Amino acid sequence: MTNAQPDRSSQSQFGRLAGAYGASKTHAQAGALASAASMLTDRRYGTAMDIGAGPGFTAFAVADRCDRVIATDVTPEMLEQARSLRDERGAPHTELMLTAAESLPCRDASLDLITCRTAAHHFLNIDAWLRDVHRALTPGGELILIDTISPDDTEAETWMHGIEIWRDPSHVRNPTQAEWLSAIERAGLRVVETALSRVDLEYPDWTERAGMPEEEAARLGQALRDAPPAAAQAFGITPRADGLIEFYWPILSVKAVKP
Ligand SMILES: C[S@@+](CC[C@H](N)C(=O)[O-])C[C@H]1O[C@@H](n2cnc3c(N)ncnc32)[C@H](O)[C@@H]1O
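Small disclaimer: the values here were computed from a predicted structure and weren't measured.

A.B. asks: Teacher, can you tell me more about helix α7 (residues 154-167) here?
C.D. replies: In an α-helix, one turn spans 3.6 residues, which is why side chains three or four residues apart end up on the same side. The terminal C-alpha atoms of α7 lie 20 Å apart, and with 14 residues this matches the ideal 20 Å at 1.5 Å per residue to within 8%. Listing the buried residues of α7 in full gives A156, E157, W159, M160 and I163. What you see down the axis of α7 is that its buried residues fit within an arc of 165°, all on one side. For α7, the exposed residues lying more than 90 degrees away from the buried face are T154 and G162. The secondary structure elements touched by the buried residues of α7 are α10 (214-225) and α11 (229-234).

Pasting the structure below:
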């Protein structure tokens, strides 16, 4: 699969689940996933693009600071969710565009802001994507990237990767913080701000949201209970007496500027 082709596994995964994501409290709550709006510079932006916009939560969060926002996603059903939330959120100048992240349909140096929240771990080639982000940004333009990351501990990272792919076959990889920062700089962008946070998750809500069949979800729940100590510690895995399991993934938020 080349970078320019749509990611069909994401389309099928998120196409099935667009309604659940549109209604997801985890994704709607800015606090839970760190808000892109909190990283905006104190200025008005011209044209912004939110990549992997899903139901549009991030696009709507920055919309009142931008003249024009283009919410892009590879999954038509997700953009349908964004269409119905758009009026509710009062962001009529948010346009919707069906496109894969790896080939942004815009002229060189035409975007003042690019946001991307909890989507980049689905992208097939992070370096190619970041090169395209660099091409599309105006000089002084900003990238705000927020995503789950892998911990530095190799055992915990390998375990997390197995669990993520198991739950969602369209998952590609969570780079570590160091890998993200060097990839961003390698693409010619300058990192100006970083923040670490986490997204609190709960089994079985997490597997239900991914549409996992019940038996498979039960096996994954057992794998959470049986996590090796390095993973249990890195992700705060806490089984509760009522059968629920609490845990979290680490989140990296980065703001980078095109010089
Ligand atoms: C977990 S949702 C995140 C939605 C949203 N950004 C948010 O902050 O709530 C991930 C989104 O990434 C989209 N996606 C996955 N791979 C993509 C790709 N290669 N290009 C564009 N969008 C992609 C999926 O269709 C899905 O809507």
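A.B. asks: Would you explain the site of the ligand in this entry?
C.D. replies: What surrounds the ligand is a group of 22 residues, the closest being G52, G54, T75, A101 and H122. When residues of the shell around the ligand are traced back to their parent elements, those giving at least two are α1 (8-22) and α4 (57-63). Take the shell around the ligand: its biggest share by element is three residues, from α1. Class assignment of the residues belonging to the shell around the ligand gives a composition of 10 nonpolar, eight polar and four charged.

A.B. asks: Can you help me understand the nonpolar core in this one?
C.D. replies: One recurring pattern in soluble globular proteins is that nonpolar side chains are buried together. Ranked by internal contacts, the top residues of the largest apolar core, which has 68 residues, are V62, V69, I114, V133 and L143. With sequence-adjacent residues up to four places away left out, L143 is seen in contact with I114, V133, L137, L189 and A256.

A.B. asks: What exactly am I supposed to notice about the confidence of the model for the protein here?
C.D. replies: Where the model shows low pLDDT, its predicted coordinates should not be examined in detail. Residues of the protein with pLDDT of at least 70 account for 90%, and the chain-wide mean is 91. Ignoring residues within four places in sequence, the model shows residues 1-6, a span with pLDDT below 50, making 13 contacts including any to other chains.

A.B. asks: How do you make sense of the environment of T238 when you look at a structure like this?
C.D. replies: Following the sequence through the fold, T238 ends up in strand β7 (residues 238-239). It is 9.5 Å that separates the C-alpha atoms of T238 and E202, two residues lying 36 residues apart in sequence. T238 has contacts with I245, E246 and F247, leaving out every residue within four places of it along the chain.

A.B. asks: It is not clear to me how the pairing of strand β2 (residues 66-73) should be interpreted in this structure. Could you clarify?
C.D. replies: Within a regular strand, the side chains alternate between the two sheet faces. With six of eight residues buried, β2 lies mostly within the body of the structure. The sheet contact formed by strand β1 (residues 45-51) and β2 spans six bridges and is parallel. Among the inter-strand pairings, A48 is bridged to a residue of β2, identified as V69. The β-α-β motif built from β1, the intervening α4 and the parallel element β2 has right-handed crossover chirality. One ladder, built from five bridges, connects β2 with strand β3 (residues 94-98); its direction is parallel. Each bridged residue has a counterpart across the sheet, and for V69 the counterpart in β3 is T94. With helix α5 (residues 76-89) bridging β2 and the parallel β3, this β-α-β connection has right-handed handedness.

Thresholds applied
- Residues numbered from 1 in each chain as written.
- Predicted model: local features only at pLDDT ≥ 70, side-chain atom pairs only at ≥ 80, totals over all residues.
- Helix = DSSP H or I, 4+ residues; strand = E, 2+ residues; numbered from the N terminus.
- Expected span 1.5 Å × (residues − 1).
- Buried ≥ 20, exposed ≤ 12 C-beta atoms within 10 Å, placed from the backbone.
- Arc of directions from axis to C-beta.
- Contact = placed C-beta atoms within 7 Å.
- Near = placed C-beta within 6 Å.
- Nonpolar A, V, L, I, M, F, W, Y, C, P; charged D, E, K, R; others polar.
- Core = buried A, V, L, I, M, F, W, Y, C linked by C-beta atoms within 7 Å.
- pLDDT = per-residue confidence, 0-100.
- Pairing = 2+ DSSP bridges.
- Right-handed = clockwise from strand over helix to strand, strands pointing away.

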